[in-house]
Amino acid sequence: MPALVLNILKLIFLAFVYLFLWQIGRSIGAHIGPAPSSRPSRNLTELVAVRSANLSGLRFPLGAGVTIGRSGDSDVVIDDPYASEFHFRIAVQSDTAVLSDLGSTNGTYLNGRRVTVPTRLGKGDSIQIGNTILEVR
């Protein structure tokens, strides 16, 4: 009888180990999953400040590319305490816009997910820096 109880406890323990590993795998998959935007990025023309302390409603043309940050040398100056001097860059080449974080301290978020590698943008994408939210149009 004790051998049967020990085998059942062993199986329950193994089930918990597999459940734990499955949760870790799911968490990693959610973090490094597919790119946030799968929409085509054709005809992207501007960034619109949707939520900002001092920029709400302003529009910034993308042109060939734009650098956003707190520094006066940035193309678009964001007055947000969570923004780095040069926070991120959007490069536009042949109808493709790519968002790259420039090593910011607090991170750049595209549609709620932190950007760690250059990522394609699509119309309607939301970029967040601290308390500032910009939308791609």
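Source: prediction; values computed, not measured. (Residues numbered from 1 in each chain as written. Predicted model: local features only at pLDDT ≥ 70, side-chain atom pairs only at ≥ 80, totals over all residues. Heavy atoms only, no water.)

Topic: the overall build of the protein
Looking only at helices and strands, one finds one helix and eleven strands in the protein. Listed N to C, the secondary structure of the protein is α-β-β-β-β-β-β-β-β-β-β-β in terms of helices and strands. Taken over the C-alpha trace, the protein has a radius of gyration of 22 Å; the compact-globule value for 137 residues is 14 Å, which it surpasses by more than 25%. Each of the three principal axes of the protein carries a C-alpha extent, and together these read 75 × 35 × 25 Å. Within the protein, the proportion of its 137 residues that are buried is 31%. (Helix = DSSP H or I, 4+ residues; strand = E, 2+ residues; numbered from the N terminus. Rg over C-alpha atoms; globule rule 2.2 N^0.38 Å. Buried < 20%, exposed > 50% of the residue type's maximum accessible area, 1.4 Å probe, protein only.)

Re the side chain of histidine 87
For histidine 87, the location among the structural elements is in the loop between β4 (76–77) and β5 (88–93). Using a relative accessible area of 0% as the deciding quantity, one classes histidine 87 as buried. At a separation of 3.3 Å, a polar atom in the side chain of histidine 87 contacts the side chain of threonine 108. In this view, histidine 87 contacts Ile68, Gly69, Tyr82, Asp101, Leu102, Ser104, Gly107, Thr108 and Ile129; residues no more than four positions away in its chain are not counted. (Polar contact = N/O pair within 3.5 Å; in protein donor to acceptor, adjacent residues only side chain to side chain. Contact = heavy atoms within 4.5 Å.)

Details of the nonpolar core
Counting 22 residues, the largest nonpolar core has Leu47, Ile68, Phe88, Ile90, Leu99, Leu121 and Ile127 as the members making the most contacts within it. Among the elements of the structure, β1 (46–51), β3 (65–69), β5, β6 (96–101), β10 (126–129) and β11 (132–136) are those that each provide at least two residues to this core. (Core = buried A, V, L, I, M, F, W, Y, C linked by side-chain atoms within 4.5 Å.)

A word on the pairing of β10
Residues Ile127 and Ile129 point to one face of β10 and are all buried, whereas Ser126 and Gln128, pointing to the other face, are not buried. Sheet topology note: the strand β7 (residues 109–110)/β10 ladder contains two bridges and is antiparallel. Looking at the pairing, leucine 110 lines up with isoleucine 127 of β10. (Pairing = 2+ DSSP bridges.)

Brief notes about the sheet that holds β7
If you walk across this open sheet you meet the six strands as β2-β1-β11-β10-β7-β8, and the pairing is antiparallel. Looking at which strands have only one partner, the edges of the open sheet turn out to be β2 (59–61) and β8 (113–114). Relative to β11, β10 runs antiparallel, the two sharing four bridges. For glutamine 128, the partnering residue across the bridge sits in β11 and is isoleucine 133.

By themselves, these figures tell us nothing about what the structure is for.
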